[in-house]
Amino acid sequence: MPTLDSPREATVLLARRELLQAGALVVGFSLAGLPMARAQGAAPARSLALDAVDSFLAIKRDGTVIVYSGKVDLGTGHRIAMRQMVGEELGIGVDRIELIEGDSALTPNQGPTAGSTGVMRGGVELRQAAATAHEALLALAAERLQQPVIGLVLADGAVRAADGRQLGIGELVGERALNLKMNPKAPLRAPAQYKLVGQPLPRPDIPAKVTGRHVYVHDHRVPGMLHGRVIRPPAVGAKVLALDESSVAHLPGVRVVRIIDFVGVVAADEWAAMRAARELKVQWSESAPLVGHTALVDWARRGPFVAEETLVNKGDAARLAALATAPDALSATYVWPIQSHASMGPSCAVADVRPDGATLWTASQASHRLVASSSALLGLPREQVRVIYLDGAGCYGMNGHDDATADAALLSRTVGQPVRVQWSRQDELGWDPKGPPQLLKIGGSLTPEGRIDAWDTEMWVPRATANLEWIPLLGPQAAGIRQPVGQSTGLVSQNGDPSYPANAVRVTAHWLGAAPLRPSNIRAPGKVANCFAVESFTDELAAKAGADPLQFRLRDLANPRGREVLQRTAALMNWAPRPSPNPAPKDAKVATGRGIAYIHYKHNETFVAVGMEVEVDRGSGEIRVLRIACAHDCGLMINPDTVRAQVEGNLLQTLSRTLYEETTFDQSAVTSVDWSSYPLLRFPQVPRLDIALIQRIDQPPLGAGEAASSPVPAALANAVFDATGVRLRSVPFSGARLQALRA
């Protein structure tokens, strides 16, 4: 029989209700009518254990439910999807569910919101908590009603018996703690009974966002708050030689903060802080520790290396050995540049640091990890640091949010008042941690029948430091505060081998040491470049075999879900079989082509195929993408509309990364620090999107946040080859690069 609350736990829930009533938890209501809970101030102690249902759920006396999610909504639609998963199991509508997310004092540590794991892991945990609560509610009702559990039904917020009697879930629980351990075997609602899961319910945050009323971290204000700015050095690694505070003495209320090489300014007036950041005279040392972006390929080949690793080695080794001398073998090298996260808005954070504790408002994707780094930099116990997520400008991995939070915390601790720090565009593009560079060389051969015989991938990539506590942060480093030694790049070596069978396959990683610029995970880390190389080379083999690129892939691909996304994509494009390149006459000013690429993400998650139709100006080399077709199978879609939005975002962002984006830098600093030197895809360049979503109602969810980005570069490269007969193997695909290859 389930046990309900102890007096202490009842007090905890009562305290939470009192906080709600008192406004310590600020609860607003969107136009869609779904409660949006946003926490402020001191938090009551509550369970955060991952094996306790109370860590994820609370049932109020009126039958509404509070969901506590350690995963946050980075613009991905979690706020509706999480409600749908919990509501389905508890038999209540999404309008009766409040959601608190990413508050380190209130929500369990479910890990960073990264790697397409928001629904796949975070949502699944919430759903299992709700299923466990479902079991307990039926057992409680059975006891109260003196009815067997098997005859009870939980629906519309109440447990009903066959004789017509019913008990509301709020009445059953009485706003007490459930005091239940998670039951991983608690049965989930059967797909045939779904009422919420699988439905395209509207996102609760959209109305306020499109009407300008949504509160982002940039809008957050607290009493007594100052505005802060940090002055970064002109060169990576430069030291402060001298600082002239009198240079900003004419600005009202400006205070200068210096902690070794960390330099900042604060003021009650934001404009005064911005002017002070520009006008403060700081003399920096010379520094030139970088290799420069034009030397990246040489750097990758030269090292220093920290390890060699054979990631895949299967099949006939003699066939791999023969690649070196086989006259018909192919070999190609692919280059992916360093790229910025390039969020449309700059990072921002607010910090209120006091001697007995700190509260940090941030758009970080990792609230609990930020507790650890903030505790270290502030010298406070972790339990005295509270991190609260608020929406930011979006991120695709760790961008500048964590650094801006550390900046605000350092300034607040020094001046003894709350401080808001907002980065500039130059800060963001110049100093955010970058997606790392990748170099891949692939060799391969065909059987006499035109199938893949041998495949050998070598990759040169920076290696992530094992068990790194957090990515070293700029402010604390400059201030001489100990930071972890190492780097984070994400899982960059996956999908280095083809999804198609071969007689021999080998993938080798030459692991590089420190990357030229501080790296971090960026959307689908590593897989975008690896898929670019693998699916481009697959196309090169198909061309050598004289085969249609689609049929070449389908001929030996065994996975039926993989075959279906390729076939559905081809159907969207009215694909007519023929080899590449396009046999159309070459005298037209504009060449046209089509390409296709496929990935089984990480070889065990989402299936995606992307097709592309392009025009290429033969005079300038400029590429115009006319249409992108995509078939996407991420298993169970909790909310198809949010999945569609994710797929659209993946396709367009990666099209931008492929056509335009490259972080440039000299030996001292990043030089692409504005939208002119770091261009993005613009609205007039957005192509038609045709997307086929495949619902697998009886399968687990696999994630939609990253996978669709991976096949985009290869699909584009294959389409350009089809149009022109020229193979692009380095990103970005500029007109000048294409023309140079044609020369």
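Notes on the structure follow. (Residues numbered from 1 in each chain as written. Predicted model: local features only at pLDDT ≥ 70, side-chain atom pairs only at ≥ 80, totals over all residues. Heavy atoms only, no water.)

**Quick look at the pairing of strand E21 (residues 452-462)**
- Of all 11 residues making up E21, 10 are buried, and the element is well covered by its neighbours.
- Where strand E20 (residues 438-446) folds back on E21, the antiparallel hairpin that results is connected by 5 residues, among which Gly450 adopts a positive phi of roughly 85 degrees.
- Pairing geometry for E21 and strand E22 (residues 504-512), over 9 bridges, is parallel. Across the sheet, the residue bridging to Val461 is Trp511, located in E22. (Buried < 20%, exposed > 50% of the residue type's maximum accessible area, 1.4 Å probe, protein only. Helix = DSSP H or I, 4+ residues; strand = E, 2+ residues; numbered from the N terminus. Pairing = 2+ DSSP bridges.)

**A short note on the pairing of strand E13 (residues 281-284)**
- Side chains Val282 and Trp284 project from E13 onto a buried face, and the interleaved Lys281 and Gln283 project onto a face without burial.
- Here strand E10 (residues 240-244) runs beside E13; their pairing, made up of 4 bridges, is antiparallel. By the bridge assignment, Leu243 is partnered in E13 with Val282.

**Section: the packing of aromatic side chains**
- Enumeration over the complete set of coordinates arrives at 5 aromatic pairs.
- Look at Tyr334 and Phe532: their rings are 5.6 Å apart centre to centre, the planes differ by 80 degrees, and that puts the pair in the edge-to-face class. One end of the pair, Tyr334, is in strand E15 (residues 330-336); the other, Phe532, is in helix H13 (residues 527-545), and 198 residues separate them in sequence.
- Assessed through its relative accessible area of 0%, Tyr334 is described here as buried.
- For Phe532, a relative accessible area of 1% corresponds to the buried category.
- The aromatic ring of Trp575 is capped on one face by Arg594, whose charged end is 3.7 Å from the ring centroid.
- It is Arg727 that lies over the ring of Phe721; its NZ or CZ is 4.3 Å from the centre. (Phe/Tyr/Trp six-rings, centres within 6.5 Å; stacked < 30°, edge-to-face > 60°. Lys NZ or Arg CZ within 6 Å of the ring centre and 35° of its normal.)

**Comments concerning the side chain of Asp453**
- Looking at the secondary structure, you find Asp453 in strand E21.
- Given a relative accessible area of 11%, Asp453 falls into the buried group.
- In this structure the side chain of Asp453 is engaged in a polar contact, spanning 2.7 Å, whose partner is the side chain of Asn503.
- When sequence neighbours within four positions are dropped, the list of residues in contact with Asp453 reads Arg319, Ser445, Leu446, Thr447, Ala502, Asn503 and Ala504. (Polar contact = N/O pair within 3.5 Å; in protein donor to acceptor, adjacent residues only side chain to side chain. Contact = heavy atoms within 4.5 Å.)

**Brief notes about the layout of surface pockets**
- Estimates place the volume of the second largest pocket at around 1,400 Å³.
- Lining the second largest pocket are 50 residues, with Arg232, Pro233, Gly430, Trp431 and Leu474 positioned closest to its centre.
- Secondary-structure elements contributing two or more residues to the lining of the second largest pocket are strand E9 (226-230), strand E12 (262-267), helix H6 (270-279), E13, helix H11 (425-431) and helix H12 (474-478).
- Here the lining of the second largest pocket is built from residues that sort into 31 nonpolar, 10 polar and 9 charged. (1 Å grid on protein atoms, 1.4 Å probe; cavity = no way out; pocket = protein on both sides within 12 Å on 5 of 7 lines; lining within 4 Å. Points joined across faces, edges and corners; volume = space filled by probe spheres on them. Nonpolar A, V, L, I, M, F, W, Y, C, P; charged D, E, K, R; others polar.)

**Observations regarding the nonpolar core**
- Counting residues in hydrophobic clusters, the biggest one holds 84 residues, and the most contacted among them are Met612, Ile623 and Leu716.
- Top element by residues in this core is H13. It accounts for 9 residues.
- Discounting chain neighbours no more than four positions away, the residues touching Ile623 are Val614, Glu615, Val616, Leu659, Leu716, Val720, Leu728, Phe733 and Leu738.
- If you look at the next biggest cluster of nonpolar residues, it comprises 37 residues, including Phe262, Ala351, Leu378 and Leu473. (Core = buried A, V, L, I, M, F, W, Y, C linked by side-chain atoms within 4.5 Å.)

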